[in-house]
Protein chains: 2
Amino acid sequence: MNLNNFFNPKSVVVIGASSDKNKVGFAVMSNLSGCRTSRQIYPVSISESEILGLKTYKSVSDVGLPIDLAIIAVRADIVPQILTECGKRGIKNVIIISAGFKEIGEAGKILENSVKEIANRFKIALLGPNCLGTIDSHADFNTSFGAKKPIRGNIAFLSQSGALGTSVLDMAIKEDVGFSKFISLGNEAQLSEIEFLEYLAVDDNTKAILIYLEKLSDGKRFMELVSEITKTKPVVVLKAGRSERGMEAVMSHTGSLAPADSVFSAALKQSGAIAVESIREFFNMAKLFQLGIMKPLKNLVILTNGGGPSVVTADLIDLSRSLSLVELSDSTKEALRKVLPSMAAVGNPVDIIGDALSSRYEDALKILVDEKGVDAIILMLTPQMMTKVEETAKLIVQYRSKKPIIPVFIGGPTIQAGLEYLKRNTLVNFNFPKDAVEALDNLALCHSREGGNPGKSSYTKSVSDKSSRVSVSKMMDFVEMTKILNEYNISLTGILVKEKTKLISAISKFGSGPYAMKVISNNIVHKTDAGAVRLNIKSIEEANTAWNSMEKRILKENPDARIEGFFIQRMGVGREVIIGMKRDATFGPTILFGLGGILAEAIKDTSLRIAPISKDEALQMMREIKGVSILNGMRGEKPVDFNALADIIANLSRLATEHPEIKEIDLNPVMVTNTEAVVVDARVMI
Amino acid sequence: MNLNNFFNPKSVVVIGASSDKNKVGFAVMSNLSGCRTSRQIYPVSISESEILGLKTYKSVSDVGLPIDLAIIAVRADIVPQILTECGKRGIKNVIIISAGFKEIGEAGKILENSVKEIANRFKIALLGPNCLGTIDSHADFNTSFGAKKPIRGNIAFLSQSGALGTSVLDMAIKEDVGFSKFISLGNEAQLSEIEFLEYLAVDDNTKAILIYLEKLSDGKRFMELVSEITKTKPVVVLKAGRSERGMEAVMSHTGSLAPADSVFSAALKQSGAIAVESIREFFNMAKLFQLGIMKPLKNLVILTNGGGPSVVTADLIDLSRSLSLVELSDSTKEALRKVLPSMAAVGNPVDIIGDALSSRYEDALKILVDEKGVDAIILMLTPQMMTKVEETAKLIVQYRSKKPIIPVFIGGPTIQAGLEYLKRNTLVNFNFPKDAVEALDNLALCHSREGGNPGKSSYTKSVSDKSSRVSVSKMMDFVEMTKILNEYNISLTGILVKEKTKLISAISKFGSGPYAMKVISNNIVHKTDAGAVRLNIKSIEEANTAWNSMEKRILKENPDARIEGFFIQRMGVGREVIIGMKRDATFGPTILFGLGGILAEAIKDTSLRIAPISKDEALQMMREIKGVSILNGMRGEKPVDFNALADIIANLSRLATEHPEIKEIDLNPVMVTNTEAVVVDARVMI
């Protein structure tokens, strides 16, 4: 497929062209004609003979010349017929603007399926239906009907919502944020975010990518792709349907189910994408990219003429997840002291105080751009009596090649001239310190996975994952389970005792206790609930008592239960953790790590990854839980054996990837000390 | 003191008036002359005979007429002399604009003290030094030198930073947010936020108050006042110095120490104030007030012409701390279905889809304004081809008397006409859904304390609190401690056993165990560390062993330790919690509640209040901890006896308030079941 024809075709046919200003067919024609004239535009209309000075055709078949792209803006019910004509005519790229498909319910879904089928039959690359088309600011091409054309820039914007697309593009015009390409994905009958991401990955005009997502067609492939792209271009994802009500709204609006938020967030993080939660954050990322900042800048210095606002900014940076204020070197402080008045503060924030002219900003800037260890300067300006707004803006343009400078001019009419100057130089201002800090923090938090290998399962496998979801789960037999876990070096080290008389000799084989004892029976799914697990058994006497009482209880509650024996393990002391695997319909196997115990359960203190994950990543995911200091060793304890835990996690990840028939694995509890990790109990669902 | 003369004096003298446009003395004159002319303005200048058409005087003494207010804008070193002249002249209100006082270090501090002393001697009400003066938009009065004058409004703005003041005021001019009064507090040599808050509390033109705070002169009085004000007017506080770096910056910038953030946050919450963390949030609160929204609106409905942006907004609301999307009634959905096209969504969000004209907005609005249970409508507009921006803005003006409507038009040039229309009607637009949701959420979270009685300690007491901080702490004797705790119904129910022979009879007095045993000795401060506490003792044998081994260990480590006996308690099973009291230098006694155990310690899961607190508030603070579901009963358990815990907390609060000599109390652990709460160990520092 040649997606290039969606952005820079030599010839375009518009089916449903119109000269009625209230019709989409007019807006498309008008936007197209407003672009570069070397492109051939052929309007097709049944009722009109001329539109915007161009002769019309009665049908696509009447156009006798080559056609790179067809844009369809006719009533939904005749779209299949028109698309078939395009197919017969040999057109390979089609955008269907028309609405009235999947989004309106069952009837529309049937119509959309037929459209998809026609496109596939004629090997047409199809964008839409129910979309706003595409914009390419470099090729000067605009098929959209809603938005004004953005200025030329480096950012590509993929949107599964037309309304969100037009809003952001309109906002970008006001704030002078430039875009390379805009793609409104619509219903994605055929082409989805995946194909366009593949295209944008190698697009030279695109240095950063923004995506608004409501649904995902292929989670695994999405992760692979984004992991690859984020090595060179930042990817920002605004994902809708993070909450229950949001999910309902997505459903009613697109008819699609969004992936569960926790899993999607894990997938984005692993892929090195920047996940944002609001249009405001989304747009502020675009502003950062417009400033040419595509890579993390963590170590910051604030240069300001206003004390209060700089203190608030210092707070925001200090309390951010990944940014910090640099401690300036003594020589830099000394140099600043020499050029600044005595009342100025030469710490960080560098406060050159309210009466600073632009020359004082320049004096400080000259010194700060050379300071080692500073990644960027946040240049704050408040409108005071003497403030030279435009001259200060000039300094940003002048010095930004030496060190990234982030302008934060705070005010209204008084600072306007400065903002205008920045605009003329394709720069933007952050209106509030928080906007800049949030964007920098988001960028710094994203980093492509190091050492990890992103999901390699093929699309076929991920389909098989999906199909496995619908069948009913059952628990794997104990012997089979220990066998498969052993294959991946996850051992429930213990002894299966089938007769009570052999209990003493079994226990004496272990070192000191305590021991865990559990009933092995295929009739019991939730062992703890059924009273079929005893922990902290300290002596042979206790083991005997436990045997009797467990047996009695189980047979009382379920006289037909078949007890195969008791599994005895040395528990190990130390901390209790949980390691789990669950297969997600969109992304495949996910791996969970968490602390054991009731408080951990209450506060849901877990971290999540999409498999496969490496040992390094396993180490990292353990460090993410809130209560990690317990594992690091509090009150003078030694840290637990993270390495042993990471081995179990990585092995579990491998097992999950190689055994698609397994739906769920719980290793719970796993006891970990500073020298070992022991899997005390496990459960596998197939 | 008559603070009114700072805002609406009949006559003003400006000392240091100038016609040099680079001087503050010119800016002040120019701002004053730009105001209502019925006011008498007397410029005082040594070198000039006329300024802005007004005859000058050589000194204050030369002005033979009554003077309500003096504004001083001369060199710092001659301020004492000028202020003395003002005093002698009988002027009772003075604003010192001049900088060069406390903020520059030791020399400035001495100068500032002398200024303060002069003001007190002559009974002058003094604002400043190092401030921007005052603005009153209703009296049309402006003494500030930096900012343009804001439009008339209902919001008062108190700022401890001049730069932050001018920035926000300038921004407000751009966005048409009106203010009633602005007060730049400067160094607060004499008058502070307290006196101006007292004044604003009863100011009829002020319906809401914004405060930027870096320091606090009297924490107790501040809480009292804010608690009183928030019963009728919302108070928003942007507090600087929340982080370590922010605190350092405040120090270098004002020479003052900000109160600890956790304590300050607790104080604000208890006072019913809205604490915000950024200028962005601060300003968005002002926008909400400009829309006339001063009271919590929690139950929302979204009306939109764009699917994607409304889904993102639904997510933000659903994930907010206190807002929710209303479930529309069936009759309302039915009514909406009748007037809207079939593709529209009549859930919440109500999506009237992209081709909606303003008439469709109106059809939906007519129905939604009558829906019971809806507190406010978020009216979202995205710029689509058919969108009628200005007409839709008109609907907001038209229907907002029936139900609060919050405009969220998202875009740039295309929506401009709508924003202009809103402005002309003194309304504002939220540029991003997140801005509106965040502001509504902040407002909804604030509520004046119900049933609680705000701190009543006098300023004198809070001074004595401060003085108690400097002395060295020592641990209170066990007998004395149990006595004082008992007086407040906090009993360490147990038996002090002085001889080992009496151990058996003591234990037999209790019901079933387990028991706690601890050494009573004034030589041991940290009992647990010294091995002087044993928990979970199950039998008399274990108690005997514990006695011997604790005695042995203590005497081994400290042969001179005097063991008075062992204190034996029935532990009670159940959950372990911690209740504590610590005296803060600014706010007095604070009460802490948290879960016991190592994970709770690791994640710092505690809640904090300023004493005194009522039992109701005690109940509420327990519900705030992250792991509260443990106390509510997980896995089918019964909830713990919250009532018994609340009694202990309220009693501890009373004890702390009535015993200023006590610095710290730890009740740790307190064991709580569903029927009782037992204080197992306590420690009191004096």
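Trainee: Help me understand the overall build of chain A, please; the structure alone is not making it clear to me.
Mentor: Counting secondary structure elements, chain A contains 23 helices and 29 strands. Overall, chain A is about 100 × 80 × 35 Å in size when its C-alpha atoms are taken along their principal axes. Counting every position in chain A, which comprises 686 residues, the buried fraction comes to 61%. Put simply, 71% of the contacts in chain A that link residues at least 6 apart link residues at least 24 apart. Total accessible area on chain A is roughly 26200 Å²; 50% of this is exposed by carbon and sulfur atoms. Seen as two clouds, the 83 positive and the 78 negative side-chain charges of chain A have centres 2 Å apart.

Trainee: Would you mind going over the pattern of salt bridges with me for this structure?
Mentor: Pairs can form between side chains of opposite charge once their charged atoms are near each other. Under the defined criterion, the tally for this structure stands at 67 salt bridges over all chains. Note that Arg280(B) and Asp435(A) form a salt bridge whose closest N and O atoms lie 2.4 Å from each other. Note that Arg280(B) is positioned in helix H9 (residues 279-290) and Asp435(A) in helix H15 (residues 433-445), a pairing that runs across two chains. Exposure remark for Asp435(A): the relative accessible area of 6% places this residue in the buried category. Its salt-bridge partner being Arg424(B), residue Glu390(B) comes within 3.3 Å of it at the nearest N-O pair. With Glu390(B) in helix H13 (residues 389-399) and Arg424(B) in helix H14 (residues 416-424), this residue pair connects regions lying 34 residues apart in the sequence. You can call Glu390(B) partly exposed: its relative accessible area is 28%. Owing to a relative accessible area of 55%, Arg424(B) belongs among the exposed residues under this scheme. Because the salt bridges share partners, they merge into one network encompassing Arg245(A), Glu248(A), Glu327(B) and Lys333(B).

Trainee: Just checking my understanding: could you explain the sheet that holds strand E20 (residues 495-497) of chain A for this structure?
Mentor: Sheet strands pair via backbone hydrogen bonds, and the direction of the pair is either parallel or antiparallel. Residue and element names in this part refer to chain A. Read from one edge of the open sheet, four strands run E20-E23-E21-E22, paired in antiparallel fashion. On the outer flanks of this sheet lie E20 and strand E22 (533-537), each paired with one strand and no other. Going across the sheet, the axis of each strand differs from the next one's by a mean of 25 degrees, ignoring polarity. Relative to E22, strand E21 (residues 515-520) is paired through three bridges, and the arrangement is antiparallel. Within E22, the residue paired with Met 517 across the bridge is Arg 534. Contacts between helix H19 (residues 540-557) and the sheet are confined to E20, E21, E22 and strand E23 (565-570), with E22 contributing the most and set at about 165 degrees to the helix.

Trainee: I would appreciate a short explanation of the sheet that holds strand E10 (residues 152-159) of chain B in the present structure.
Mentor: Residues and elements named next belong to chain B. Ordered in space as E9-E8-E11-E10-E12-E13-E14, the seven strands form an open sheet in which the pairing is mixed. Edge positions in the sheet fall to strand E9 (141-142) and strand E14 (274-276), since each of these pairs with one other strand and no more. Note that strand E13 (residues 235-239) and E14 share three bridges and pair parallel. Bridge assignment links Val 236 to a residue of E14, and that residue is Ile 274. Contacting E10, strand E11 (179-184) and strand E12 (208-213), helix H5 (residues 193-201) crosses the sheet at an angle of about 160 degrees to E10.

Trainee: What should I look at first to understand unusual backbone geometry in this one?
Mentor: A negative phi holds for most residues other than glycine; trans holds for most peptide bonds. Going from Asn348(B) to Pro349(B), the amide bond is cis rather than trans, its omega being 10 degrees. Position of Pro349(B) among the secondary structure elements: in the loop between helix H11 (330-339) and strand E17 (350-351). Looking along the chain, the bond that leaves Ala611(B) and enters Pro612(B) is cis, with omega of 0 degrees. Not every positive phi belongs to a glycine, and Asp176(A) is a case in point at roughly 60 degrees. Among the secondary structure elements, Asp176(A) is positioned in the loop between helix H4 (162-175) and strand E11 (179-184).

Trainee: Please clarify how the nonpolar core should be interpreted in this entry.
Mentor: A general trend in soluble globular proteins is that nonpolar side chains are found buried together. If you look at the biggest cluster of nonpolar residues, it comprises 180 residues, and the most contacted ones within it are Phe282(A), Leu303(A), Phe282(B) and Leu303(B). In contact with Phe282(A), not counting residues within four places along its chain, are Phe157(A), Leu164(A), Val168(A), Leu210(A), Ile211(A), Tyr212(A), Val236(A), Leu238(A) and Val276(A).

Trainee: What is the right way to read the interface of chain A and chain B from this model?
Mentor: Interface extent is often summarised as the accessible area lost during association of the parts. At the junction of the two partners, chain A supplies 93 residues and chain B supplies 93 residues. Each partner contributes to the roughly 7100 Å² buried at the junction of chain A and chain B, and carbon and sulfur atoms together form 65% of this total. Of all residues in chain A, Arg245(A), Arg280(A) and Met385(A) bury the most surface against chain B, accounting for 12% of the area lost on that side. The tally of links between chain A and chain B comes to seven salt bridges. Across the pair Glu277(B) and Lys434(A) runs a salt bridge whose closest N-O atoms are separated by 2.7 Å. Counting across the interface, chain A meets chain B through 34 residue pairs in polar contact (both at pLDDT 80 or more).

Trainee: In this structure, what is going on with the relation of the copies chain A and chain B? I would like to understand it.
Mentor: The relation between the two copies of this chain is a rotation about an axis and a shift parallel to it. Screw-axis analysis of chain A against chain B gives a translation of 0.0 Å along the axis, an RMSD of 0.2 Å, and a rotation angle of 180 degrees. Accordingly, the operation relating the two chain copies is best matched by a two-fold axis. Nearest to the rotation axis, the C-alpha of Leu599(A) is located 3.5 Å from it, this being the minimum over chain A. Looking at the interface residues of chain A, 100% of them are also at the interface in chain B, so both copies use one shared face.

Trainee: What exactly am I supposed to notice about the environment of Lys298(B) here?
Mentor: All names here are of chain B. As for its placement among the helices and strands, Lys 298 is situated in the loop between H9 and strand E15 (299-304). Each C-alpha atom of the pair Lys 298 and Asn 651 lies 34 Å from the other, and the pair is 353 residues apart in sequence. Every residue in contact with Lys 298, bar those within four places of it in the chain, is listed here: Ser 322, Leu 323, Ser 324, Asp 375 and Ala 444.

Trainee: So what exactly am I meant to see when it comes to the packing of aromatic side chains here?
Mentor: Residues and elements named next belong to chain A. If you walk through the whole model with that rule in mind, you get 24 aromatic pairs over all chains. Geometrically, the ring pair formed by Phe 6 and Phe 196 is tilted, given 5.8 Å between the ring centres and 55 degrees between the ring planes. In this pair, Phe 6 is assigned in the segment before strand E1 (11-15) and Phe 196 in helix H5 (residues 193-201), connecting sequence segments 190 residues apart. The class of Phe 196 is buried, set by a relative accessible area of 0%.

Trainee: Is there a simple way to think about the confidence of the model for chain A in this case?
Mentor: If pLDDT is low for a region, its predicted coordinates should not be looked at in detail. Residues and elements named next belong to chain A. Looking at chain A as a whole, the pLDDT averages 89, with 94% of positions reaching at least 70. Low pLDDT, under 50, characterises residues 448-470; the stretch is placed with 36 contacts to residues that sit more than four places away or in other chains. The ipTM, which scores confidence in the relative placement of chains, is 0.89 for this predicted complex, and the corresponding pTM is 0.89.

Trainee: Hey, could you run me through the pairing of strand E25 (residues 588-595) of chain B in this one?
Mentor: All names here are of chain B. In terms of burial, E25 is a largely internal element, seven of the eight residues being buried. In this structure, strand E24 (residues 575-584) lies alongside E25, joined through eight bridges in antiparallel fashion. Its bridge partner lying in E25, Ile 578 is registered against Gly 594. Where E24 folds back on E25, the antiparallel hairpin that results is connected by three residues.

Criteria and cut-off values
- Residues numbered from 1 in each chain as written.
- Chains lettered and ligands numbered in written order.
- Predicted model: local features only at pLDDT ≥ 70, side-chain atom pairs only at ≥ 80, totals over all residues.
- Heavy atoms only, no water.
- Helix = DSSP H or I, 4+ residues; strand = E, 2+ residues; numbered from the N terminus.
- Buried < 20%, exposed > 50% of the residue type's maximum accessible area, 1.4 Å probe, protein only.
- Contact = heavy atoms within 4.5 Å.
- Areas by Shrake-Rupley, 256 points an atom, 1.4 Å probe, with all protein chains shown as cover.
- Lys, Arg positive; Asp, Glu negative; His and termini not counted.
- Charge placed at Lys NZ, Arg CZ, Asp CG, Glu CD.
- Salt bridge = Lys/Arg side-chain N within 4 Å of Asp/Glu carboxyl O.
- Pairing = 2+ DSSP bridges.
- Axes fitted to C-alpha atoms, helices over the stretch in contact; angles between N-to-C directions.
- Core = buried A, V, L, I, M, F, W, Y, C linked by side-chain atoms within 4.5 Å.
- Buried area = accessible area lost by both parts, 1.4 Å probe.
- Polar contact = N/O pair within 3.5 Å; in protein donor to acceptor, adjacent residues only side chain to side chain.
- Least-squares fit on C-alpha atoms with pLDDT ≥ 70 in both.
- Phe/Tyr/Trp six-rings, centres within 6.5 Å; stacked < 30°, edge-to-face > 60°.
- pLDDT = per-residue confidence, 0-100.

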